[in-house]
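Below, each chain spelled out in residue letters.
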Amino acid sequence: MFYGSYTALITPFNQGNVDEEALRQLVNWQIDQGTQGLVPVGTTGESPTITEAEHKRIIEIVVEETAGRVPVIAGAGSNNPAEALVYAKTAERAGADGILCVAGYYNRPSQAGLYEHFKLIHDQTNIPIIIYNIPPRTIVDVQPQTMAQLAALPRITGVKDATMDLSRISRERSLIKRDFSYMSGEDITAVAYNALGGRGCISVTANVAPALCAAMQSACQNGDYQTALAIHERLMPLHLALFEEPSPSGIKYALSLTGICQDEVRLPILPASAATREKIEAALTQLSLI
């Protein structure tokens, strides 16, 4: 099962190309800082604007550089089941430990259609699957009953919950009668999600504050919510600053200040504005991260 502090990795670019050296550096730094799992080529990795060849190469690099030290859950999301299956099989061949699958954006399938989308990927691969439920981006919502139906499939092992609804996990837990990796997809509510039965967070902020995010998740796992809350409150200014503008512009600027990568994003995402940069710098300084 997957648990703890997982990082939704950015994809470093340099002059329009994937910066493979920076990506390897980021992977090693993350593991050294206590991150418990890595999630490349998700939304934070700018999956909508990387090519199929880049997508495959990024997964290969992250799996190779990780070398089994922590789990790798590779992004395999698409609203086209055939394309999602290609990415899922790529991740499986590369040796990833799981895949993160999202569906529904733009074509807006029914609950039955969502189930069949994920079941197709499940039935044609042999790799654990995390369902990514993020209605603010996809419009459609994998409802608790559908999630329970999916959880009955043996290799659907968890959910990345970015529904912005803290009641959701309780509704799902009442229906899913098996061990299941409930992972938050929202940094700001991650501690509260864990208190309701969550097992961790797939975090954007962990790109630049991996040690703090890992310590916060470890405190939750140990039932020390006083410590977890204290870390959460220290991180709040950074969470807020990073999401002032569309992600991953904020987190890429933050990482550029550490020297890990360039502050480069792909259209239609724009670099962070001067006002947002100022807030990010202040938050990082307050945390002694720069």
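Residues numbered from 1 in each chain as written. Predicted model: local features only at pLDDT ≥ 70, side-chain atom pairs only at ≥ 80, totals over all residues. Heavy atoms only, no water.

## Observations concerning the overall build of the chain
Quick reminder of the rule: Strands are runs of DSSP state E lasting at least 2 residues, helices are runs of H or I lasting at least 4, and numbering of each runs from the N terminus. Each residue gets one of three labels from its accessible area relative to the maximum for its type: buried under 20%, exposed over 50%, partly exposed in between, using a 1.4 Å probe on protein chains only. Any two residues whose heavy atoms approach within 4.5 Å are treated as being in contact. Using a 1.4 Å probe, accessible areas were evaluated by the Shrake-Rupley method; residue-level cover was limited to the displayed protein chains. Counted as positive: Lys and Arg. Counted as negative: Asp and Glu. His and the chain ends are not counted at all. Charge positions come from single atoms, namely NZ of Lys, CZ of Arg, CG of Asp or CD of Glu.
Along the chain, the regular secondary structure elements total 12 helices and 10 strands. Counting only C-alpha atoms, the chain reaches 45 × 45 × 35 Å along its principal axes. Here the chain holds 290 residues, and 54% of them are scored as buried. Of all intrachain contacts in the chain linking residues separated by at least 6 positions in sequence, the fraction that spans at least 24 positions is 72%. Put simply, the chain shows about 11,700 Å² of open surface, and 51% of that area lies on carbon and sulfur atoms. Counting 22 positive and 30 negative side-chain charges, the chain places the averaged centre of each group 6 Å from the other.

## Focus: the packing of helix 3 (residues 81–94) against helix 4 (residues 111–123)
Convention followed: Throughout, an axis means a line fitted to C-alpha atoms (over the contacting stretch in the case of helices), and angles, computed between N-to-C directions, take values from 0 to 180 degrees. Helix crossings fall into two classes, left-handed where the near helix is turned counterclockwise from the far one by less than a right angle and right-handed where it is turned clockwise. Asp, Glu, Lys and Arg are counted as charged, while Ala, Val, Leu, Ile, Met, Phe, Trp, Tyr, Cys and Pro are counted as nonpolar; the rest, among them Gly, fall into the polar class.
Remark: helix 3 packs on helix 4, axes separated minimally by 10 Å, with the N-to-C direction vectors making an angle of 35°. Considering the relative orientation of helix 3 and helix 4, their crossing is right-handed. Contact with helix 3, carried on its side by Pro81, Ala84, Leu85 and Ala88, involves His117, Leu120 and Ile121 of helix 4 and no other residues of that element. Of the residues belonging to the contact of helix 3 with helix 4, the class tally is 6 nonpolar, 1 polar and no charged.

## Here we look at the UniProt feature "active site" (unreviewed entry) in the chain
Short version of the rule: UniProt positions are given in the numbering used here, feature names are shortened, and annotations may be inferred rather than shown by experiment.
Per the UniProt record, "active site" (unreviewed entry) is found at Tyr132 and Lys160. In three dimensions, the annotated residues from a span of 29 residues occupy one location, with a maximal C-alpha spread of 4.7 Å. Residue placement: Tyr132 occurs in strand 7 (residues 129–133). Take Tyr132: its relative accessible area is 10%, and that puts it in the buried class.

## Remarks on empty space enclosed by the protein
Test applied: Every definition here rests on a 1 Å grid over the protein atoms only: cavities are sets of points where a 1.4 Å probe fits but cannot get out, pockets are open sets enclosed by protein on both sides within 12 Å along at least five of seven lines, and lining residues have some atom within 4 Å of a point. Grid points are joined across faces, edges and corners, and a volume is the space filled by probe spheres set on the points.
Overall, the coordinates contain 2 cavities of 30 Å³ or more when judged by the stated rule. For the largest cavity, the full set of lining residues is Asp161, Ala162, Thr163, Met164, Asp165, Leu166, Ser184, Glu186, Thr189 and Tyr193. Across the lining of the largest cavity, the residue classes tally to 4 nonpolar, 3 polar and 3 charged. Size it by volume and the second largest cavity reaches roughly 30 Å³. As for the second largest cavity, its lining consists of Ser5, Tyr6, Asp187, Cys201, Ser203, Cys213, Met216 and Gln217. Secondary structure elements with two or more residues in the lining of the second largest cavity: strand 1 (4–8), strand 10 (200–203) and helix 9 (210–221). In terms of residues, the lining of the second largest cavity owes the most to one element, helix 9, which gives 3 residues. Classifying every residue of the lining of the second largest cavity gives 4 nonpolar, 3 polar and 1 charged.

## What to know about the packing of aromatic side chains
Definition in use: For this analysis, a ring pair means two rings from Phe, Tyr or Trp (six-membered ring only for Trp) whose centres lie within 6.5 Å, classed as stacked if their planes differ by under 30 degrees, edge-to-face if by over 60, and tilted for the remaining angles. By definition, being over a ring means that NZ of Lys or CZ of Arg is both within 6 Å of the ring centre and within 35 degrees of the ring normal.
The tally for this structure, following the rule as stated, stands at 2 aromatic pairs. Judged by centre distance (6.2 Å) and plane angle (80°), the ring pair of Phe2 and Tyr6 falls under edge-to-face. Tyr6 shares its class with Phe2; the two are buried. The ring centre of Tyr132 lies 4.1 Å from the NZ or CZ of Lys160, which sits over that ring.

## Section: the pattern of salt bridges
Our working definition: Any carboxyl oxygen of Asp or Glu within 4 Å of a side-chain nitrogen of Lys or Arg constitutes a salt bridge here.
On inspection of all chains with the given rule, the structure shows 14 salt bridges. A salt bridge links Arg57 to Glu20, with the nearest nitrogen and oxygen atoms 3.2 Å apart. Of the two residues, Arg57 is situated in helix 2 (residues 52–66) and Glu20 in helix 1 (residues 20–32); the sequence distance between them amounts to 37 residues. Under the relative-accessibility criterion, Glu20 is labelled partly exposed at 31%. For Asp123, the salt bridge identified is with Lys119, shortest N-O distance 2.6 Å. With Asp123 and Lys119 both in helix 4, this residue pair falls 4 residues apart, about one helical turn. Taking the relative accessible area as the measure of exposure, Asp123 reaches 43% and is therefore partly exposed. In this structure, a network of salt bridges that share partners links the residues Asp141, Asp165, Arg168 and Arg171.

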